[in-house]
Amino acid sequence: RPTSAFVGDDWLEVPSDPGIAGNRLTGSAQSIAVVNSLPVADTLLNVDVSSASFPLDAGLVARYQIATGDHYVGRLRRFSSQVGSGAAAEVLRVLGGVTTVLAPRGPNDAAGRLEFQIVGQQLTLRLDGEPLVLVTDATLAEPGQVGVFAGQGNKLLEFTASLNPEPLDASQ
């Protein structure tokens, strides 16, 4: 696709504006774009996360509630601060505007094929097929939209979503 500030008719952009650059979804500030389709509860999401961005803050969104903004995020982060730098994989819950880290894990490569699966209360985050985070949370049980999360300048490619996947073992 050509470079554009508009993601497309099949996407709902919230709360800031992601765009298209070099045929990849790019973030401005912290951008969420969800597929404008029927809400789903159990899903398997995949996206390629570019390693070129620093800092990196990119991931997948599930059970996004359009009315409230509540949702889950499975993300990769690579960061630098006054006290050091690092990388982490995290599963977040955003509820009532409050973000809670449900399960962090680090360090990791912070680039590759990211997979976020939700089946019932089980949330699993993988990178290139390797399990990173497995957490159980029943807070957001209602079906919602699925999509992507990208921090400023981060690039995502090849988003896919599958419905009603089989639960994964923690060892898979």
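Values in this document were obtained by computation on a predicted structure and should not be read as measured data.

### Side note on the pattern of salt bridges
Thought 1: For the structure shown, the criterion picks out 7 salt bridges.
Thought 2: Taken together, the salt bridges that share partners define one network made up of Arg75, Arg77 and Glu90.

### Thoughts on the environment of Ala89
Thought 1: Tracing the chain through its elements places Ala89 in strand 8 (residues 84-95).
Thought 2: Separated by 38 residues in the primary sequence, Ala89 and Leu127 have C-alpha atoms spaced 9.0 Å apart.

### A look at the nonpolar core
Thought 1: If you look at the biggest cluster of nonpolar residues, it comprises 29 residues, and the most contacted ones within it are Val49, Leu76 and Phe116.
Thought 2: Looking at this core, the element that brings in the most residues is strand 6 (residues 56-64), giving 4 residues.
Thought 3: In this structure, Ile32, Val61, Val73 and Leu92 belong to the second largest nonpolar core, which totals 7 residues.

### Details of the pairing of strand 11 (residues 122-127)
Thought 1: Of all 6 residues in strand 11, 5 are buried, a share of seventy percent or more.
Thought 2: Judged from the 6 bridges that link them, strand 10 (residues 112-119) and strand 11 form a sheet pairing that is antiparallel. The residue of strand 11 that forms the bridge with Ile118 is Leu123.
Thought 3: Here strand 11 folds back onto strand 12 (residues 130-136), and the loop between the two strands holds 2 residues, one of which, Asp128, carries a positive phi near 50 degrees.

### A closer look at the pairing of strand 6
Thought 1: Taking burial as the measure, the 9 residues of strand 6 include 9 buried ones, the bulk of the element.
Thought 2: Summarising the sheet, strand 6 and strand 13 (residues 145-151) pair through 5 bridges and their orientation is antiparallel. Bridge pairing in strand 13 links Tyr64 to Gln145.

### A closer look at the confidence of the model for the chain
Thought 1: Scored by pLDDT, the chain has a mean of 78; 70% of the residues are at 70 or more.
Thought 2: Counting interchain partners and residues more than four positions distant, the pLDDT-below-50 stretch residues 17-21 has 27 contacts.
Thought 3: Of the regions scoring below 50 in pLDDT, residues 23-28 engages in 30 contacts with residues more than four places distant in sequence or in other chains.

What counts as what
Residues numbered from 1 in each chain as written. Predicted model: local features only at pLDDT ≥ 70, side-chain atom pairs only at ≥ 80, totals over all residues. Heavy atoms only, no water. Salt bridge = Lys/Arg side-chain N within 4 Å of Asp/Glu carboxyl O. Helix = DSSP H or I, 4+ residues; strand = E, 2+ residues; numbered from the N terminus. Core = buried A, V, L, I, M, F, W, Y, C linked by side-chain atoms within 4.5 Å. Buried < 20%, exposed > 50% of the residue type's maximum accessible area, 1.4 Å probe, protein only. Pairing = 2+ DSSP bridges. pLDDT = per-residue confidence, 0-100. Contact = heavy atoms within 4.5 Å.

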